[in-house]
Amino acid sequence: MKKNTILMAVLVILVVLYLSTNYFKKNSSASFDPQIVKLDSSKIGKITIYPPAKEKEKPIVLSRSSGQWEVAQGKIVSKADPSKLRSALGQLLDVEAQRLVAKTKDKWPNYELGDSLARKVLIEEKGGGTTTALYFGKTSYGQVAAPAYGRGAPTGSTYLRLNDQPETFALENGLPNTFSRPFNSWRNPEFLRLDKEQLKELEFNNAAAGEAFVLRKVDSLWSIADTKADASKVSQYLNSLARQNSSQFVDGFSPEDNPLHTLTIRGQDMDEVVVRAYAMAEENKFVLNSSQHPDVFVESDSVGMFKRLFVDRDYFQPNKDE
């Protein structure tokens, strides 16, 4: 009888411990809301990214005016890349913490969340509304279990705090990586945008060689003077010409000489577009500019965008063995 009483008492204690543990787990998880940032993208008017002090770089400022986003760093102001902005704003609206790591400010140094070590992202609403500051600290990396073949994909967490709140959270690396981009990656890389179906005439001028020619479309046929151009090569060239991007910005460039190469693009129901290539001091390097973006200059070597745009007359000639 005594033995049964002891067993019953042990069983009761185990049940109480089990229920207590689950109760506290449930209440603990209920108190943690992973949606730690609540923003309305339509109200955001400015985002300022302050790099950690050790990087010794100026802040990157993304600002919206009349529905258009610009990005600035120091005295350089440029149109922002709309796709990068949409992605960043979308991520800000969907910030979810993986877990609560610490509850007090004295733990910040352990996660590089002090003011001098953290990357600060200050989000301001239009019209002087709510201001939200996110601080990103150090990143810890891990490795998921390997699949049947090959290695597992690397995983990681970045530590985050919000405004001046004492808590530290662990966050997946997507959002911190977004705001670690360099300045130029936030800029609109668009150099040329054309509808190839509108194009009627391309005038090429090579001042260095003293050569010029015009590729012209009459009805549906392209020709140079009275010589029919190779249709497949024209198509290939126009496909490339219609969409050109570059992030190789050359800030502060002011042409002192006439361009070495000029491409003038004309077409139906469109403004004339002029692309110019200027020589750089370094051999086989050029600075390119498009009248679609007159204040933007980009760099190209002789095998990059320069080569794709500035072709010679022979490029459009049919192959001799055809």
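Everything discussed here concerns the structure shown above.
Residues numbered from 1 in each chain as written. Predicted model: local features only at pLDDT ≥ 70, side-chain atom pairs only at ≥ 80, totals over all residues. Heavy atoms only, no water.

Let's shift gears to the nonpolar core. Ranked by size, the top nonpolar core spans 30 residues in total, and within it Leu241, Leu288 and Phe316 carry the most contacts. Tallying contributions element by element places helix α4 (residues 231–241) first for this core, with 4 residues. Contact partners of Leu288, with chain neighbours within four places excluded, come to Phe191, Arg276, Ala277, Val296, Phe297, Val298, Ser300, Met305, Phe306, Leu309 and Phe310. (Core = buried A, V, L, I, M, F, W, Y, C linked by side-chain atoms within 4.5 Å. Buried < 20%, exposed > 50% of the residue type's maximum accessible area, 1.4 Å probe, protein only. Helix = DSSP H or I, 4+ residues; strand = E, 2+ residues; numbered from the N terminus. Contact = heavy atoms within 4.5 Å.)

Let us now look at the pairing of strand β3 (residues 68–73). Sheet topology places strand β2 (residues 60–65) next to β3; 5 bridges connect them, and they run antiparallel. Note that in β3 the partner of Leu62 across the bridge is Val71. As defined by bridge partners, β3 adjoins strand β4 (residues 76–79) across 4 bridges and the pair is classed as antiparallel. Bridge pairing links Val71 to Ser78 in β4. Hairpin remark: β3 followed by β4, antiparallel, with 2 residues in the connecting loop; positive phi at Gly74, about 65°. (Pairing = 2+ DSSP bridges.)

With antiparallel pairing, the 8 strands of this open sheet are ordered in space as β14-β13-β12-β11-β16-β17-β18-β19. Both edges of this open sheet fall to β14 (227–228) and β19 (293–301), since each of them pairs with a single strand only. The sheet contact formed by strand β16 (residues 261–267) and strand β17 (residues 273–279) spans 5 bridges and is antiparallel. Its bridge partner lying in β17, Thr262 is registered against Arg276.

Let us look at the packing of aromatic side chains. As enumerated under the stated definition, the model contains 13 aromatic pairs in all. When the centroid spacing of 6.0 Å and the interplanar angle of 55° are considered together, the rings of Phe204 and Phe316 count as tilted. Remark: Phe316 occurs in the segment after α5 (305–309) and Phe204 occurs in strand β11 (residues 199–206); sequence separation between them is 112 residues. Each member of the aromatic cluster is reached from another via a ring pair, and the members are Phe204, Phe213, Tyr237, Tyr315 and Phe316. Of note, Arg161 hangs over the ring of Tyr135, and the distance from its end group to the ring centre comes to 3.7 Å. (Phe/Tyr/Trp six-rings, centres within 6.5 Å; stacked < 30°, edge-to-face > 60°. Lys NZ or Arg CZ within 6 Å of the ring centre and 35° of its normal.)

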